Amino acid sequence: MITKNPYSPGVGTRPPYLAGREQQLRRFERLLADYPEKRRNLRITGLRGVGKTVLLKEYERIARHHGWVVLRRDWSVRLCEETDFAIAIADYLREAVDALSLKAKIRNQVTAAMQTVGQIQVQLTEGVTVSVGPGAVGPVKSVLEDRLRIALTRVGALARTQGRGVALLFDEAHSVYDRKHKRQYPLGALLSAIAAAQDDDDDPLPVMLVLCGLPPLTGNIHAARSNAERLFRGEEIGNLPLEPQPPEDLSAAAQALVRPAKDITYTQGVAERIARDVDGYPYFLQWFGEALWEAADLDGTTAITAELYERERAAIQRDLDEEFFEPRYRDTRQADQSTLRLAASLGGERFTRADLAATTKRSTGALAQSLSRLIADNLLYRDDHGIYAYTAPMFGDFMRRRHKRLGEDQ
Ligand SMILES: Nc1ncnc2c1ncn2[C@@H]1O[C@H](COP(=O)(O)OP(=O)(O)O)[C@@H](O)[C@H]1O
Ligand SMILES: [Mg+2]
């Protein structure tokens, strides 16, 4: 009988078994249960391929199950412009109102909510979005923020009359940040509006914001609004644990391999071995699981043994490098490829600018520009302590494996 390969390497593709996220799911359930008396938002951060989108989709399912109206959308850098941001948010909220307006008797309320949503995007042209008071350091009053607050309050109130809540889930949320020099504050406007809408304890609104993205999201939130951190609960998502958690006798990472395989078994110790080799990285677990399942199937065997893994391992890694890492490297310009080779030659998965500068004769200016481009291309990010790291786990390893430092990398 032909059975299907259960594994699912991909972008946001639901894994056959969601391993090691029990705590995150429980905490989310708790967050929902606390509403509306306690109103908290959620910030999810982690590197590429660790399973943020998959988790966000799971949150969506859970919230819907509890009767919430849920919108899940990807943000992109285009939304850094307040006008585009306003249009997008107005669209999302319109959808939320639509989902809430099934009952005719609340038609007046629905119309009123729709009007406030429509107002969000009216005449938001450059320069009028934020008015800066004399001598003020930052924006004093944001038109966008005001309108967002009014609309969110209306939509929230509408949801409340139906005993429901509205959850706004934004993926790739690190793409939207404030830019002082351009006087564009989309993130700050949204955070302030949410804070204001959630503030009233006598009139608690069932509105929740979930922002999900690469690690710079945390810094963006911080820069957008002082004290914004307290609005959020943080979930830092990483690779799956490699240690078994009793009562389980397999680690979460190994379970991601073993549990989906109904017709194929892993010989004792092999799943843990693979899990360790890929450091519990979810994307790679799916990739190796799929490839080994395929190999066993071709062999006509029902066991993934140490020998099979040994035989296939190099080829699987090669394909993975080719499809996952290589395009990221190839798509950058030559000077930036050289920067990546220099950085990798330092060893490890993170580096400081000083260490990088010490390995090369290139000018600080050229180096800084190259690093900025690599950040803009989402290959690197800079953490709170000014340390540079790759957005994909094990990218440094890949570089050392495939792209050693060359003689001309000066
Ligand atoms: N908890 C998990 N257990 C098993 N596989 C997972 C888990 N989380 C994610 N994956 C798999 O990892 C890959 C990347 O997931 P994705 O959500 O797209 O990551 P991210 O959004 O962080 O880049 C997908 O193939 C997915 O099926
Ligand atoms: Mg994702």
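Residues numbered from 1 in each chain as written. Chains lettered and ligands numbered in written order. Predicted model: local features only at pLDDT ≥ 70, side-chain atom pairs only at ≥ 80, totals over all residues.

Things to note about the nonpolar core
And then number 1: Ranked by internal contacts, the top residues of the largest apolar core, which has 78 residues, are Val97, Leu148, Val155, Val166, Ala167 and Val210.
And then number 2: For this core, the element with the highest residue contribution is helix H3 (residues 82-100), accounting for nine residues.
And then number 3: Two domains each donate at least three residues to this core, and these are domain 1 (22-236) and domain 3 (333-402). (Core = buried A, V, L, I, M, F, W, Y, C linked by C-beta atoms within 7 Å. Buried ≥ 20, exposed ≤ 12 C-beta atoms within 10 Å, placed from the backbone. Helix = DSSP H or I, 4+ residues; strand = E, 2+ residues; numbered from the N terminus. Domains from an automatic or database assignment.)

Let's talk about the domain arrangement of the protein chain
You'll often see interface size given as the accessible area lost when the parts meet.
And then number 1: Split into domains, the protein chain comes out as domain 1 (22-236), domain 2 (252-327) and domain 3 (333-402).
And then number 2: Once you take the C-alpha centre of each, domain 1 and domain 2 turn out to be 40 Å apart.

Details of the environment of Gly188
And then number 1: Here Gly188 is to be found in helix H6 (residues 186-198).
And then number 2: C-beta crowding within 10 Å serves as the criterion here: with 25 such atoms nearby, Gly188 is assigned to the buried category.
And then number 3: As a C-alpha pair, Gly188 and Ser142 span 46 residues in sequence and 9.2 Å in three-dimensional space.
And then number 4: Excluding anything up to four places from it in sequence, Gly188 contacts Asp178, Ala224 and Arg225. (Contact = placed C-beta atoms within 7 Å.)

What to know about the sheet that holds strand E5 (residues 166-171)
And then number 1: Read across the open sheet, the five strands follow the order E2-E5-E6-E1-E7; overall the sheet is parallel. Lying at the two open borders of the sheet, with one neighbouring strand each, are strand E2 (69-74) and strand E7 (232-236). Each strand of the sheet is rotated relative to its neighbour by a mean of 15°, with strand direction disregarded.
And then number 2: Strand direction decides the pairing type here: strand E1 (residues 41-45) and E7, joined by five bridges, are parallel. When the bridges of E7 are listed, Ile44 appears paired with Glu235.
And then number 3: Here helix H2 (residues 52-65) sits on the sheet in contact with E1, E2, E5 and strand E6 (207-213), set at roughly 170° to E5.
And then number 4: Strand contacts of H3: E2 and E5, with the helix running at about 155° to E2, the strand carrying the most contacts. (Pairing = 2+ DSSP bridges. Axes fitted to C-alpha atoms, helices over the stretch in contact; angles between N-to-C directions.)

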